[in-house]
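# Descriptive structure summary
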Amino acid sequence: MALLLSVFGSGVAGLRHYVKRDERRLSVLHREKLLAAIALVRQINSIDELDAMQREAGDFLRETLEGYDDGAIEASDLAAYGLVLEQFHNAVIDRRTAMGAGAGNMPRIRSAKA
């Protein structure tokens, strides 16, 4: 009986892992897009474009946190995502400053320490 329960539990865990794989892939894709966006931010000459990129980053963050809440994304992956998001945010602030717009009333993103 114990062996049967163990096999069943392993099967359920495997199925859950299979179902959640798309959320993990999406999180990795968002992280890669943010990494690419860091270089793009340095070339932008419009506050509106910076704002649009920040909105998109916020959408990525929301989806990534949903994946974490669902158990599809592990804490270590979330920490890596947080590091990239922080670097993106710093690049935006640097670009705003270089454009003479300053950081203004932009809130600082604080990453949770794992």
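Residues numbered from 1 in each chain as written. Predicted model: local features only at pLDDT ≥ 70, side-chain atom pairs only at ≥ 80, totals over all residues. Heavy atoms only, no water.

### Side note on the pattern of salt bridges
As enumerated under the stated definition, the model contains two salt bridges in all. Between aspartate 51 and arginine 96 there is a salt bridge; the shortest N-O distance is 2.3 Å. Of this pair, aspartate 51 sits in helix α2 (residues 47–69) while arginine 96 sits in helix α3 (residues 75–98), and the two are 45 residues apart along the sequence. Overall, the relative accessible area of 26% leaves aspartate 51 in the partly exposed class. You can call arginine 96 buried: its relative accessible area is 8%. (Salt bridge = Lys/Arg side-chain N within 4 Å of Asp/Glu carboxyl O. Helix = DSSP H or I, 4+ residues; strand = E, 2+ residues; numbered from the N terminus. Buried < 20%, exposed > 50% of the residue type's maximum accessible area, 1.4 Å probe, protein only.)

### Overview of the environment of aspartate 59
Mapped onto the secondary structure, aspartate 59 falls in helix α2. The spatial distance from the C-alpha of aspartate 59 to the C-alpha of histidine 30 is 9.4 Å, given a sequence separation of 29 residues. A polar atom in the side chain of aspartate 59 sits 2.7 Å from the side chain of arginine 62. (Polar contact = N/O pair within 3.5 Å; in protein donor to acceptor, adjacent residues only side chain to side chain.)

### A closer look at the side chain of arginine 95
Mapping arginine 95 onto the fold places it in helix α3. Although arginine 95 lies buried, it forms no salt bridge, and the closest oppositely charged side chain, glutamate 49, sits 9.0 Å away as judged by the N-O distance. If near-sequence neighbours (up to four positions away) are discounted, arginine 95 is found in contact with Val41, Arg42, Gln43, Ile44, Asn45 and Leu50. (Lys, Arg positive; Asp, Glu negative; His and termini not counted. Contact = heavy atoms within 4.5 Å.)

### Quick word on the nonpolar core
Nonpolar side chains in soluble globular proteins tend to be buried together. The biggest cluster of nonpolar side chains holds 15 residues, and the ones touching the most others in it are Leu34, Val41, Met53, Leu85 and Phe88. Where this core is concerned, the elements lending two or more residues are α1 (2–41), α2 and α3. The biggest single contributor to this core is α3, with six residues. Non-local contacts of methionine 53, meaning those with residues more than four positions away in its chain, are made with Ala37, Leu40, Val41, Ile44 and Phe88. (Core = buried A, V, L, I, M, F, W, Y, C linked by side-chain atoms within 4.5 Å.)

So far we have only geometry, and geometry alone does not tell us how the molecule works.
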